[in-house]
Amino acid sequence: MLLLKIIFITITLELLIQLIIRRAKKNFPWFINENDLYPIFNEKKFQLFLKNSFHKKLGWIRKYNSEGFDSIRKKKIRFKISKEGYRSLTKKKKRSLIATFGDSYVFARQVKDNETWQEQISKNKPYNILNYGVGNYGFDQGYLRYKITKLNKNIKFVIIGFVPETICRIQSEWKHFIEFGNIHGFKPKFILKKNKLVLKPNPLKKNTKINQLKNIIKKTQLSDRFYKERFKKNIFEFPYMYCFLRNFKFNLNILLYLLTNKLLFSNKQTNLLSEKLFSIVVKRNIREAHKYYNDNYSKELFNKIIMKFKKLAITRKHIPIIIIFPQLMDLKLKRTTKIYQNFFKEVSKDVHIIDLTSFLLKKNLKKIYTNDKYGGHFSKLGNKIISKIIFTEIKKKHIKIL
């Protein structure tokens, strides 16, 4: 009799959890199930991606000679990309002294073209700073873009900037495995073979058809560590009860939030609630990213890519500089920021590194970050503040050139 009761309770709980997770997925798509491994690609969206964003050597890129819009909640922010591929300059001057590559913090998302940290630095200077930043790039993609970009002879400094989470990005082949839902994000990556860097090309090609994607994903499963280390660990499949308990704290936090805000059985959701839900995901992802700075393979791989960048810059007679832009959540997770700071402190013995973490921990974060669902980019004021820090730090070593 007792056994029957246990079986009944177990089955009931399993069915209940299945029902709740499937219902919650409507308002929280980061609850993934077995169907998400091979998502349904929309033909029109996929072709649009190939036409406007795809790049065979980099994964994706902003289209040259184009314009687009960013947003902070309901506010739209217009930006332009020049015919040369860098972000539009407020005033084109006779020479460009610095070229910057990297992710969205280099691009300076959510501010106008004249409000980026690059434009703040060059505002009263006789030179331009070129902005080749692209959203969601890893250090590897920043380096590869620098490698294929023809820069004019006046360039003296080359900067690659990135968020600490880049240690995951450089090891990712399909972004969907670390950022559930980013299904077009295929990219090249470096791997270590016999302690040497080998570039594994982008698995996506310009002529790739939708019916070929399943086979590409199957191959990527075998070589992308995040399939096992993040995607598979978070997937809901039978038994759902075990999957729920496997990430109990995270899953419980999401469900409690949905219940508290009456979203579990409702299709309504405000942008603010969406941001708060997504911030829970960002916090988990960044906390996990910090841990990879204690992983020997990750550190060795990253260090070798950095040294490859340094070698290329010196060959081209450029001064290499690296900037670490902490996301808002990086600074909130004070206990683990030291992990990545220690890594970059060690690397700084070989290449000039500006880690903004210690500088920003002293600032009023509410004013310098936008604090939205994308992890908190710098506001107009934030860009102004970091521009002063960056310029001061570069000037300390290169005052004669600046």
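Now for a look at the structure at hand. As the structure is a prediction and not an experimental result, all values here were calculated from the model. (Residues numbered from 1 in each chain as written. Predicted model: local features only at pLDDT ≥ 70, side-chain atom pairs only at ≥ 80, totals over all residues. Heavy atoms only, no water.)

Okay, the pairing of strand β5 (residues 75-81) next. Inspection of the sheet shows strand β4 (residues 66-72) paired to β5 by seven bridges, in the antiparallel sense. Residue pairing across strands places Ile 72 opposite Lys 75, the latter belonging to β5. (Pairing = 2+ DSSP bridges. Helix = DSSP H or I, 4+ residues; strand = E, 2+ residues; numbered from the N terminus.)

Our next topic: the nonpolar core. Core analysis: the largest hydrophobic core is formed by 86 residues, its most contacted members being Phe 28, Phe 139, Leu 204, Phe 302, Phe 309, Ile 322 and Phe 344. For Leu 204, the residues in contact, after removing those within four places along its chain, are Phe 46, Phe 49, Leu 50, Phe 54, His 184, Phe 186, Leu 213 and Ile 216. Core analysis: the next-biggest nonpolar cluster, separate from the first, contains 27 residues, Ile 98, Tyr 105, Phe 157 and Phe 391 among them. (Core = buried A, V, L, I, M, F, W, Y, C linked by side-chain atoms within 4.5 Å. Buried < 20%, exposed > 50% of the residue type's maximum accessible area, 1.4 Å probe, protein only. Contact = heavy atoms within 4.5 Å.)

In this section: the packing of aromatic side chains. Counting across every chain of the model gives 40 aromatic pairs. Both rings, one in Phe 31 and one in Phe 236, keep their centres 5.5 Å apart while their planes meet at 85°; by these two values the pair is edge-to-face. A residue pair is termed long-range when its members are at least 10 positions apart, and Phe 31 in the loop between α1 (2-24) and β1 (32-33) and Phe 236 in strand β11 (residues 235-236) qualify at 205 residues. Linked through ring pairs, Tyr 86, Phe 101, Tyr 132, Phe 139, Tyr 146, Phe 162, Tyr 293, Phe 302, Phe 309, Tyr 340, Phe 343 and Phe 344 together constitute an aromatic cluster. Over the ring of Phe 107 we find Arg 62; its NZ or CZ atom is 4.5 Å from the centre of that ring. Just above the ring of Phe 250 sits the side chain of Arg 284; from NZ or CZ to the centre is 4.2 Å. (Phe/Tyr/Trp six-rings, centres within 6.5 Å; stacked < 30°, edge-to-face > 60°. Lys NZ or Arg CZ within 6 Å of the ring centre and 35° of its normal.)

With that out of the way, let us pick up helix α10 (residues 248-260). Because the α-helix completes a turn every 3.6 residues, residues three or four places apart line up on one side. Between the first and last C-alpha of α10 there are 18 Å, a value that for 13 residues agrees with the 18 Å anticipated at 1.5 Å per step. If you check which residues of α10 are buried, you get Phe 250, Asn 251, Ile 254, Leu 255, Tyr 257 and Leu 258. Considered in projection along α10, the buried side chains sweep an arc of 160° and stay on one side of the axis. Along α10, the residues that are exposed and aim more than 90 degrees away from the buried face are Lys 249 and Thr 260. (Expected span 1.5 Å × (residues − 1). Arc of directions from axis to C-beta.)

A few words on the side chain of Thr 357. In this fold, Thr 357 is placed in helix α15 (residues 357-360). Residue Thr 357 is classed as buried on the basis of its relative accessible area of 0%. If we ignore the near neighbours within four places in the chain, the residues touching Thr 357 are Pro 326, Leu 331, Thr 337, Tyr 340 and Gln 341.

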